[in-house]
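Listed below, chain by chain, are the residues.
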Amino acid sequence: MKKYFSLVLFAHSIFALPFAMIGFFLGVTTTDQPFKWLLLVLVLLCMVFARNAAMAFNRYLDREIDAKNPRTLMRDIPAGKISANEALIFVIINCCLFVVTTFFINNLCFYLSPVALFVVLFYSYTKRFTALCHMVLGLGLALAPIGAYIAVTGVFNIVPVLYSFAVLFWVSGFDIIYALQDEEFDKGEELHSIPSAIGRKNALKLSEVLHVFSALCVILPIMFTPFSWAYYLGVAFFCSMLIYQHLLVKPNDISKVNRAFATTNGFASVIFAVCFLLDALLRTYFKF
């Protein structure tokens, strides 16, 4: 179990999981749908299974590339900690578990489950032919809030879609920052990324633009849903973390990329979700 947790970097689930909780409790608190513990567990399982499949498939497909890159040489498959076949079996099992779990949620989730799997698995191919691979990764994680909302309500709504766009722009932006580390390697191996396509300086500018759009997408729900001070506090913190990570990484200094990628974005998503849930609690039970 420990080696599979290492394979899928389970701790990185912190990026999308908080937004899944936002989508779930948005459905519970803004509609007449009741809270159900079983449904919450099923949504969490879907998140785990989908992310396990996506990450393990990425490691499986990129195993030869990872073996050439000094930064990724010690990842589990090239380092021999887990075999390629074991990783592929793990992917298949998690895909099956994901589809089966959606069956017990509702029909719409079940019918859309192959689409969701296609998006999260397809990302692993994209660096081979398009620099827009960062956006595809963002799209995969952006399914979390809208998917959780649909699990509760069985319908679409503009507010969870806005949160999905927030995730899309947020993840795409910080993945561009993360890809700065492999700019020269990607060029040498003819792999596609924003930094290798337009250079470090322009890549950072594009990342900033994407993060501005992300900030707008967490602000716009205010037009559709009444929020308390807790939500505004969460928005302020999320936006401040977006700004902070761009202060950490400069065109001439990318030594703090990992700090900007993991720590800053981890705090951003968790604290924002906590503020959202606090807001929902205040509005639902204390009538703020």
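Look up a bit, the structure's there.
Fair warning: this is a prediction, and the values are worked out from it, not measured in the lab.

Quick notes on helix α8 (residues 158-179)
Quick reminder: α-helices carry 3.6 residues per turn. Residues three or four places apart thus point the same way. Here α8 spans 31 Å end to end across 22 residues, near enough to the 32 Å set by a 1.5 Å rise per residue. Between a side-chain oxygen at the N-terminus of α8 and the backbone nitrogen of V159 the separation is 3.0 Å; the capping residue is N157.

Topic: the nonpolar core
Generally speaking, soluble globular proteins have nonpolar side chains that are buried together. Counting residues in each nonpolar core, the largest one holds 43 residues, and the members touching the most others are Y163, W170, Y231, F238, V249 and F272. For this core, the element with the most residues is α8, which contributes twelve residues. Not counting chain neighbours up to four residues away, the residues in contact with W170 comprise F15, F19, H211, S214, F238, L242, N265 and S269.

Brief notes about the packing of aromatic side chains
Considering all chains together, one arrives at 25 aromatic pairs under this definition. For the pair F165 and F169, a centre-to-centre distance of 6.1 Å together with 25° between the ring planes defines the contact as stacked. Note that F165 and F169 are positioned in helix α8 at a spacing of four residues, about one turn of the helix. F165 gets classed as partly exposed once you look at its relative accessible area, which sits at 40%. Arranged with centres 6.3 Å apart and planes meeting at 75°, the rings of Y231 and F276 form a pair that is edge-to-face. Here Y231 is found in helix α12 (residues 229-248), whereas its partner F276 is found in helix α13 (residues 257-285), with 45 residues between them in sequence. A relative accessible area of 0% means that Y231 is categorised as buried. Note on F276: relative accessible area 0%, which makes it buried. An aromatic cluster of at least three residues, connected via ring pairs, comprises F19, Y163, W170, F174, F227, Y231, F238, F272 and F276.

Some thoughts on the side chain of S164
Note that S164 resides in helix α8. Apart from the residues within four sequence positions on either side, S164 is in contact with A142, P145 and I146.

Structural notes on the packing of α8 against α13
Interaxial distance between α8 and α13 falls to 9 Å at its minimum, and their mutual angle equals 165°. By the angle between their axes, α8 is roughly antiparallel relative to α13. As α8 runs across α13, the sense of the crossing is right-handed. Contacts between α8 and α13 involve Y163, W170, F174, I177 and Y178 on the former and, on the latter, V257, N258, F261, N265, S269, F272 and F276. Grouping the constituent residues of the contact of α8 with α13 by class yields nine nonpolar, three polar and no charged.

What about the packing of helix α3 (residues 37-61) against helix α6 (residues 107-126)?
Contact pair α3 / α6: the axes reach a minimum separation of 9 Å and the direction vectors enclose 20°. Judged on the interaxial angle alone, α6 and α3 are roughly parallel. Every pair of crossing elements has a handedness; the one defined by α3 and α6 is right-handed. Mapping the contact onto sequence places A50, A53, A54, F57, N58 and L61 in α3 and V120, L121, Y123, S124 and Y125 in α6. Residue composition of the contact of α3 with α6, by class: nine nonpolar, two polar and no charged.

Definitions and limits used
Residues numbered from 1 in each chain as written. Predicted model: local features only at pLDDT ≥ 70, side-chain atom pairs only at ≥ 80, totals over all residues. Heavy atoms only, no water. Helix = DSSP H or I, 4+ residues; strand = E, 2+ residues; numbered from the N terminus. Expected span 1.5 Å × (residues − 1). Polar contact = N/O pair within 3.5 Å; in protein donor to acceptor, adjacent residues only side chain to side chain. Core = buried A, V, L, I, M, F, W, Y, C linked by side-chain atoms within 4.5 Å. Buried < 20%, exposed > 50% of the residue type's maximum accessible area, 1.4 Å probe, protein only. Contact = heavy atoms within 4.5 Å. Phe/Tyr/Trp six-rings, centres within 6.5 Å; stacked < 30°, edge-to-face > 60°. Axes fitted to C-alpha atoms, helices over the stretch in contact; angles between N-to-C directions. Parallel < 35°, antiparallel > 145°, perpendicular 65-115°, else oblique. Left-handed = near helix turned anticlockwise from the far one by under 90°. Nonpolar A, V, L, I, M, F, W, Y, C, P; charged D, E, K, R; others polar.

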